[in-house]
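Architecture at a glance
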Amino acid sequence: MKHVAQITLFPFEGKYGGPVGVIKRLYSRANIFMHHGYNIVPMSLSYFISEKRTYATHKDTARGDNSIQALKTLLSKLSKLRILRELKTSHDMLSNTYLKIPSTLASLKVAKYLNDEYDLIHAQDPFTYYVLVKAGIDDHRMILSIHSPGAASKELTRRLNTYRYGIQYLLARRIEVKSILSCRALALPSVSSLILILNDIGLLHLKDQIKPKTYIVYNGVEPLLKSFSLDIKHAMKSYLIQVLNLPNKARYIVTTIGRHVSEKGVDIFVHTAKKAYDKYGEKVQFLLLGDGPLRTVLMKVRPPNCHILGRVAEELKRSILLGTDVYMAPNRVSAFDFALLEAMSAGCAVISTNRGGNAEAVLGTGIITKCNYFELLKALDYVLSDDVILTDFKIRSYNKYLKEFTIDKMILRYVKMYNELI
């Protein structure tokens, strides 16, 4: 039996996408890994950074710092320890101590534990990878994954609200560059994500050098429909019209889910809804789920047929996807959205912009358009032009989900990668 540590900086408590979401999905199918000879152990680096314990597994109930605190702690720790000496930064520039700065003892203990017990260490973010290598982990056994829409350092800068070229960004970017260049294998959620990441950190010219060690491992999700059924979708649509107090004239529901930031194209979605209202009136209703800095602005400009619901309970989100006719992914940037896969698993027709990994999921099953409201509305017009066409798109979407994007398919891709690396 081969032992694989699935480890990330972030804590497992709360609702986190990206690395934590992937690790939880992998752990939910631990039996499949066992069948292929692998024991998967999820771990959180945030626990030993905060000196609460030397390592933590998925089932631990100890206190976990939220993701932003964990990132701030890590950057402060790296700066204090002068790990990146070549930046020649004064340690006073990062003197803000958000959490207690630990000694290196915990890191060294974890490194020894992982080196002694595990055949592969899969770091699900570049910050975790870098710290573990610096702590003494044998990098020949390490795999790096990045799940952000572009460089993780860029995402970090946005989340921390720091200056794009401030010291925290430069520190994070340096970590990411070194991790990508030094790792034995790089596992990414889509082909497009490699280009997005390398472009963000200025390594696009090394694409041909990095590509041979890159593995594309598409994400997977649990099915919302066990088998495709128009009756279930029609029933859920009627339920949504009542629960969400939608107009009785509503015939079609178009949905998108995502953080309310420019990268997700939520403003394009609202603009598309406005143009659709001019053409269809109340016949087509648009539902926007999620939250973020653009929400206040979007609430002011949304048309009557566009409903900004914010963050909703998981059960309601599932109901919304089951009652949705068309899922629209208007992203300006995307690595590979879990929400899109969930929509496909719910039998939604899908329309995506041609930006990033979402287009790879939609290829051959939905409509891929340019990133503007005119093209999205044009695609929507075609999908809604005939119920036979709409049903065909729904069936194709669901069938592609079954073929490519179940969690079991995701696990088998990981197993294949591990087999090649051990």
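See the structure printed just above.
Attention in this report is confined to the structure presented alongside it. (Residues numbered from 1 in each chain as written. Predicted model: local features only at pLDDT ≥ 70, side-chain atom pairs only at ≥ 80, totals over all residues. Heavy atoms only, no water.)

**Things to note about the pattern of salt bridges**
- Enumeration over the complete set of coordinates arrives at twelve salt bridges.
- For Lys279, the salt bridge goes to Asp381, with nearest N and O atoms at 2.8 Å. Of this pair, Lys279 sits in helix H12 (residues 266-280) while Asp381 sits in helix H17 (residues 373-383), and the two are 102 residues apart along the sequence.
- Take Lys279: its relative accessible area is 52%, and that puts it in the exposed class.
- Note that Glu342 and Lys317 form a salt bridge whose closest N and O atoms lie 3.0 Å from each other. Placement of the pair is Glu342 in helix H15 (residues 338-345) and Lys317 in helix H14 (residues 314-323), with a sequence separation of 25 residues.
- Residue classification places Glu342 among the buried residues on the basis of a relative accessible area of 11%.
- Several salt bridges converge on common partners, so that one network encompasses Arg29, Glu222 and Asp408. (Salt bridge = Lys/Arg side-chain N within 4 Å of Asp/Glu carboxyl O. Helix = DSSP H or I, 4+ residues; strand = E, 2+ residues; numbered from the N terminus. Buried < 20%, exposed > 50% of the residue type's maximum accessible area, 1.4 Å probe, protein only.)

**Re the nonpolar core**
- Membership of the largest hydrophobic core comes to 54 residues, with the highest contact counts inside it found for Phe33, Tyr327, Tyr414 and Tyr418.
- Tallying contributions element by element places helix H19 (residues 407-421) first for this core, with eight residues.
- When neighbours within four sequence positions are excluded, Tyr414 is seen to be in contact with Gln6, Val22, Leu26, Phe33, His122, Gln124, His147 and Val217.
- In terms of nonpolar packing, the next biggest core, distinct from the first, is built from 39 residues, Phe127, Val131, Leu132 and Ile137 among them. (Core = buried A, V, L, I, M, F, W, Y, C linked by side-chain atoms within 4.5 Å. Contact = heavy atoms within 4.5 Å.)

**Topic: the packing of helix H1 (residues 18-27) against H19**
- Direction vectors running N to C along H1 and H19 enclose 95°, while the axes themselves pass 10 Å from each other. In terms of axis orientation, H1 runs roughly perpendicular to H19. Between H1, through Val22, Arg25 and Leu26, and H19, the contact on the second element is made entirely by Ile407, Met410, Ile411 and Tyr414.
- Taken together, the residues of the contact of H1 with H19 sort by class into six nonpolar, no polar and one charged. (Axes fitted to C-alpha atoms, helices over the stretch in contact; angles between N-to-C directions. Parallel < 35°, antiparallel > 145°, perpendicular 65-115°, else oblique. Nonpolar A, V, L, I, M, F, W, Y, C, P; charged D, E, K, R; others polar.)

**Some words on the pairing of strand E2 (residues 38-44)**
- Burial within E2 is extensive, with six of its seven residues counted as buried.
- For strand E1 (residues 2-8) and E2, the ladder comprises seven bridges, and the chain directions are parallel. Looking across to E2, one finds that Val4 is bridged to Ile40. (Pairing = 2+ DSSP bridges.)

**A short note on the environment of Leu298**
- Structurally, Leu298 can be placed in helix H13 (residues 295-301).
- Overall, the relative accessible area of 4% leaves Leu298 in the buried class.
- Setting aside its immediate chain neighbours within four residues, Leu298 contacts His260, Val266, Asp267, Val270, Leu288 and Ile308.

**Here we look at the side chain of Ser145**
- As for its position among the elements, Ser145 is in strand E4 (residues 142-145).
- The class for Ser145 is buried, based on a relative accessible area of 1%.
- A polar contact of 3.1 Å, which involves the side chain of Ser145, links it to the backbone oxygen of Ala187.
- When residues no more than four places from it in sequence are discounted, the contact partners of Ser145 are His122, Ala123, Gln124, Asp125, Pro126 and Ala187. (Polar contact = N/O pair within 3.5 Å; in protein donor to acceptor, adjacent residues only side chain to side chain.)

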